[in-house]
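As a plain string of letters, each chain reads:
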Amino acid sequence: MNCPRCKSKRLRVINTRQDTETSTIRQRICEGCGLVQMTIEVPIPLDAVKWQGKTLVRTEDYRHVEFMP
Ligand SMILES: [Zn+2]
């Protein structure tokens, strides 16, 4: 994940809270520009991603799927 404002990779988690049984809310701050963001982490189907070399990428079927808690 990169900062959407300054593109820095230095994002630090400053708060973590269990949301539902399977989802987690995280508050992150960019150490480059100070932007604060909230993210929700949810499990996704195994076939939603595939290996492309050494990188995990979304499969075509899930390219435009929005995962919600
Ligand atoms: Zn930033």
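We now turn to the structure provided with this report. Residue indices begin from 1 for each chain and proceed along its sequence in written order. Per-residue local features of the predicted model are confined to residues with pLDDT of at least 70, and side-chain atom pairs are confined, for both listing and counting, to 80 or more; whole-chain, interface and lining totals are unaffected and use all residues.

**A word on the environment of Ala48**
Along the polypeptide, Ala48 turns up in the loop between strand 3 (36–41) and strand 4 (49–52). Exposure classification rests on a simple neighbour count of other C-beta atoms within 10 Å of a residue's own: a residue reaching 20 or more is buried, one at 12 or fewer is exposed, and one in between is partly exposed. C-beta atoms are placed from the backbone. Classification of Ala48 as partly exposed rests on a count of 15 C-beta atoms within 10 Å. Here the alpha-carbon distance between Ala48 and Arg63, two residues 15 residues apart in the chain, equals 8.2 Å. Residues are treated as contacting if the C-beta atoms built from their backbones sit within 7 Å of each other. Ignoring anything within four residues of it in the chain, the contact list for Ala48 reads Arg58, Thr59 and Tyr62. Think of it this way: any DSSP run of H or I at least four residues long counts as a helix, any run of E at least two long counts as a strand, and we number them from the N terminus.

**What to know about unusual backbone geometry**
Although it is not a glycine, Lys7 adopts a positive phi angle of roughly 70°. Mapped onto the secondary structure, Lys7 falls in the segment before strand 1 (11–18).

**Focus on the environment of Cys30**
With respect to the helices and strands, Cys30 occurs in strand 2 (residues 24–30). A residue is classified by how many C-beta atoms lie within 10 Å of it, and Cys30, with 21 of them, is buried. Sequence spacing of Cys30 and Val13 is 17 residues, and the spatial spacing of their C-alpha atoms is 9.0 Å. Apart from residues no more than four positions distant in its own chain, Cys30 is found in contact with Cys3, Arg5, Cys6, Ser8, Arg10, Leu11 and Leu35.

Just distances and angles here, no functional claims.
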